[in-house]
Amino acid sequence: VGQLYMEAYLPRVDIDPVRIREVVSNLLTNALRYAPDEGSVAIDARLDTAAPIAVAVSDDGPGIAAADLPHVFDRFYKGRASSGSGLGLAIAHNLVTAHGGTISVRSAPGQGATITFTLPGA
């Protein structure tokens, strides 16, 4: 089950749509990989106080171990449960910061994960 939420009014942002599509694709791929079969993945796009737009991708999977959290955006870093290449989140981080934005993760074991990125206005 998936859901998408976007506020009615979001300001325009100056982005490379191909690259931001890659960010969203990487985040969705990870969320879908870790969400249980009957779990959910959500995308939330909203106005943000720190930057005009914040996009969050959440899942209700197993979460990320506290020891792994500081390293999730490092190239080739893979947590114990990872089956990926260790590049997706590093690429997402590089593309978001190249746009002048920020990216962060919030997670606890057994409570899923939320990765949020912000983009500055146009």
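Summary of the structure given here. (Residues numbered from 1 in each chain as written. Predicted model: local features only at pLDDT ≥ 70, side-chain atom pairs only at ≥ 80, totals over all residues. Heavy atoms only, no water.)

1. Things to note about the overall build of the protein
Within the protein, the secondary structure is distributed over two helices and five strands. For the protein, the succession of helices and strands along the chain, N to C, is β-α-β-β-α-β-β. Sorting the 122 residues of the protein into buried and exposed places 35% on the buried side. Relative to all contacts within the protein whose residues are 6 or more apart in sequence, the contacts with residues 24 or more apart total 63%. Summed over all atoms, the accessible surface of the protein reaches about 7200 Å², with 55% contributed by carbon and sulfur. (Helix = DSSP H or I, 4+ residues; strand = E, 2+ residues; numbered from the N terminus. Buried < 20%, exposed > 50% of the residue type's maximum accessible area, 1.4 Å probe, protein only. Contact = heavy atoms within 4.5 Å. Areas by Shrake-Rupley, 256 points an atom, 1.4 Å probe, with all protein chains shown as cover.)

2. Details of the pairing of strand S2 (residues 41-47)
Sheet analysis places S2 next to strand S3 (residues 53-59), joined by seven bridges and oriented antiparallel. Paired with Leu47 across the bridge in S3 is Ile53. Connecting the antiparallel pair S2 and S3 is a turn made up of five residues. (Pairing = 2+ DSSP bridges.)

3. Description of helix H1 (residues 17-34)
When the terminal C-alpha atoms of H1 are compared, their 26 Å separation across 18 residues agrees well with the 26 Å that a helix rising 1.5 Å per residue should span. On its buried side, H1 packs onto S2, S3, helix H2 (88-98) and strand S5 (113-119). You can read the cap of H1 off the contacts: a side-chain oxygen lies 3.0 Å from the backbone nitrogen of Val18, and it is on Asp16. (Expected span 1.5 Å × (residues − 1). Polar contact = N/O pair within 3.5 Å; in protein donor to acceptor, adjacent residues only side chain to side chain.)

4. A few points about the nonpolar core
Within the largest apolar cluster, 23 residues are counted, with the highest numbers of intra-cluster contacts made by Val23, Leu27, Ile103 and Phe117. Mapped onto this core, the elements with two or more residues apiece are H1, S2, S3, H2 and S5. Excluding anything up to four places from it in sequence, Leu27 contacts Val57, Leu89, Ala92, Ile115 and Phe117. (Core = buried A, V, L, I, M, F, W, Y, C linked by side-chain atoms within 4.5 Å.)

5. Structural notes on the environment of Phe117
Looking at the element boundaries, Phe117 is found in strand S5. Separated by 63 residues in the primary sequence, Phe117 and Ala54 place their C-alpha atoms 5.6 Å from one another. Aside from chain neighbours lying at most four places away, what touches Phe117 is Ile20, Val23, Val24, Leu27, Ile53, Ala54, Val55, Val96, Thr102 and Ile103.

6. What to know about the packing of H1 against H2
Viewed as axis vectors pointing N to C, H1 and H2 meet at an angle of 150°, and their least axial separation amounts to 9 Å. When the axes of H1 and H2 are compared, the pair comes out roughly antiparallel. Crossing of H1 against H2: the hand is left-handed. Along its contact with H1, which presents Arg19, Glu22, Val23, Asn26, Leu27 and Asn30, the element H2 presents Gly88, Leu89, Ile91, Ala92, Leu95 and Val96. Of the residues in the contact of H1 with H2, the class split is seven nonpolar, three polar and two charged. (Axes fitted to C-alpha atoms, helices over the stretch in contact; angles between N-to-C directions. Parallel < 35°, antiparallel > 145°, perpendicular 65-115°, else oblique. Left-handed = near helix turned anticlockwise from the far one by under 90°. Nonpolar A, V, L, I, M, F, W, Y, C, P; charged D, E, K, R; others polar.)

7. Quick word on the side chain of Thr116
With respect to the secondary-structure elements, Thr116 resides in strand S5. Looking at Thr116, the relative accessible area reads 15%, which means it is buried.

8. A word on the pairing of strand S4 (residues 102-107)
As a general feature of sheets, a regular strand has side chains that alternate between the two faces. The pairing of S4 with S5 spans six bridges and is antiparallel. In the sheet register, Ile103 faces S5, and the bridge partner there is Phe117.

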